Amino acid sequence: KDEIRGEFRTRSSNFKVAETIVLDSSNFKGQLKNIKSGKPDGYILYKAAPGFVLKGNPAMNGGVIECVNAKYVIFEGLTIDANRSRHGIKLVDCEDVIVRNCNISNFGRCDRIRDMRQHGRWIFKGHMTGWDGGINLHGGKRYLIERCYIHTPWSSSNSWFYSHPSGPEAIFVDKIKGETVIRYNDLIGSDARRWNDAIESSGNGSINGGLFRDCDIYGNLFAYS
């Protein structure tokens, strides 16, 4: 077999910011959409006013932050109380989006009812749940998630004692195109509210079901899966 050698460098944390948008009660009303894109030489930075918590609309199906087809965006230092919404942050077909130093909790759909007719799983409106993530990545590429504290989901996962676990994830990854870095995050459930997986993908048997190629995952703490 041929031997191929090369060098690579993981992604830098340094980005030039062109504009800063400060979130407070005047521009955040339970969900943030219509995210503004930046440029390679000038990112758009979203941060919160001192002490401001982004509290989601109760039991919302989407994310407290919904970011679709955006590029060159930074979400930094946000405290997100999802308020039982499905996701804290949902990124769809985005590129070059950075999430760092964020505190995300209280996400995931659940009525706190365990249905033994559905293999002992926790349910929401009569149905089992899944793929509810503190951060949900769908499509896109070149994400950077670093130094976030994702913890204490509203929903919980059943144990293998009942059946295959079904429940929330700190980070859910669905068919992204790669070039993504996930590092130095604390992904902490609790004894009462456990992860299905701390990081889960949408297809175990699919070559691109999750993180795909050229990704770098290191230095994270996974607890209570």
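See the structure above.
Presented here is a report on the structure given in the accompanying data block.

Here is what the cut-offs are and how they apply
Residues numbered from 1 in each chain as written. Predicted model: local features only at pLDDT ≥ 70, side-chain atom pairs only at ≥ 80, totals over all residues. Heavy atoms only, no water. Phe/Tyr/Trp six-rings, centres within 6.5 Å; stacked < 30°, edge-to-face > 60°. Buried < 20%, exposed > 50% of the residue type's maximum accessible area, 1.4 Å probe, protein only. Lys NZ or Arg CZ within 6 Å of the ring centre and 35° of its normal. Helix = DSSP H or I, 4+ residues; strand = E, 2+ residues; numbered from the N terminus. Contact = heavy atoms within 4.5 Å. Pairing = 2+ DSSP bridges. Patch = residues over 30% accessible without salt bridge, like charges linked within 9 Å, V, L, I, M, F, W, Y side chains within 5 Å. Areas by Shrake-Rupley, 256 points an atom, 1.4 Å probe, with all protein chains shown as cover. Salt bridge = Lys/Arg side-chain N within 4 Å of Asp/Glu carboxyl O.

Following the criterion strictly, the structure yields eight aromatic pairs and no others. With a centroid separation of 5.2 Å and an interplanar angle of 85°, the aromatic rings of Phe161 and Tyr162 are classed as edge-to-face. On the basis of relative accessible area, Phe161 is assigned to the exposed category, the value being 72%. Taking the relative accessible area as the measure of exposure, Tyr162 reaches 33% and is therefore partly exposed. Following the ring pairs from residue to residue traces out a cluster consisting of Phe15, Tyr43 and Tyr72. In this arrangement the basic side chain of Arg84 is found over the ring face of Trp154, its NZ or CZ atom lying 5.8 Å from the centre.

For Asn106, the position within the fold is in the loop between β9 (103-105) and β10 (113-115). Excluding residues within four positions of it along the chain, Asn106 makes contact with Asp81, Ala82, Asn83, Arg84, Ser85, His151, Thr152, Pro153, Trp154 and Arg193.

Another aspect to go through is the sheet that holds β10. Sheet strands pair via backbone hydrogen bonds, and the direction of the pair is either parallel or antiparallel. Taken in spatial order, the three strands make up an open sheet running β10-β11-β12, and their pairing is antiparallel. The sheet is open, and its two borders are formed by β10 and β12 (127-128), each paired with just one other strand. Summarising the sheet, strand β11 (residues 121-124) and β12 pair through two bridges and their orientation is antiparallel. Residue pairing across strands places Ile123 opposite Met128, the latter belonging to β12.

Positive phi, close to 60°, is recorded for Asn83, a residue that is not glycine. Note on placement: Asn83 falls in the loop between β6 (79-81) and β7 (87-92).

Here we come to the sheet that holds strand β15 (residues 149-151). Taken in spatial order, the six strands make up an open sheet running β3-β6-β9-β15-β18-β21, and their pairing is parallel. Two strands lie at the open edges of the sheet, namely β3 (54-55) and β21 (221-223), each paired on one side alone. As paired strands, strand β18 (residues 186-188) and β21 are joined by three bridges and run parallel to one another. Residue pairing for β21: Asp186 is matched across the bridge by Leu221.

Our focus in this paragraph is a nonpolar patch on the surface. Nonpolar side chains collect at one region of the surface, where Met116, Phe161 and Tyr162 lie side by side and expose about 380 Å² of accessible area between them. In this fold, Met116 is placed in the loop between β10 and β11. On the basis of relative accessibility, which here comes to 54%, the residue Met116 falls in the exposed class.

Before going further, it helps to spend a moment on the pairing of β11. Pairing between β10 and β11: three bridges, direction antiparallel. Each residue of the ladder has a partner; that of Arg114, found in β11, is Trp122. Hairpin connection, β11 to β12: the antiparallel pair is bridged by two residues, and Lys125 has positive phi, about 50°.

Should their charged atoms come close, side chains of opposite charge can pair. In total, this model carries 15 salt bridges according to the counting rule given. The partner of Arg142 in a salt bridge is Asp96, with the nearest N and O atoms 2.9 Å apart. With Arg142 in the loop between β13 (133-138) and β14 (144-146) and Asp96 in strand β8 (residues 95-100), this residue pair connects regions lying 46 residues apart in the sequence. Taken together, the salt bridges that share partners define one network made up of Arg11, Glu95, Asp96, Arg142 and Glu179.

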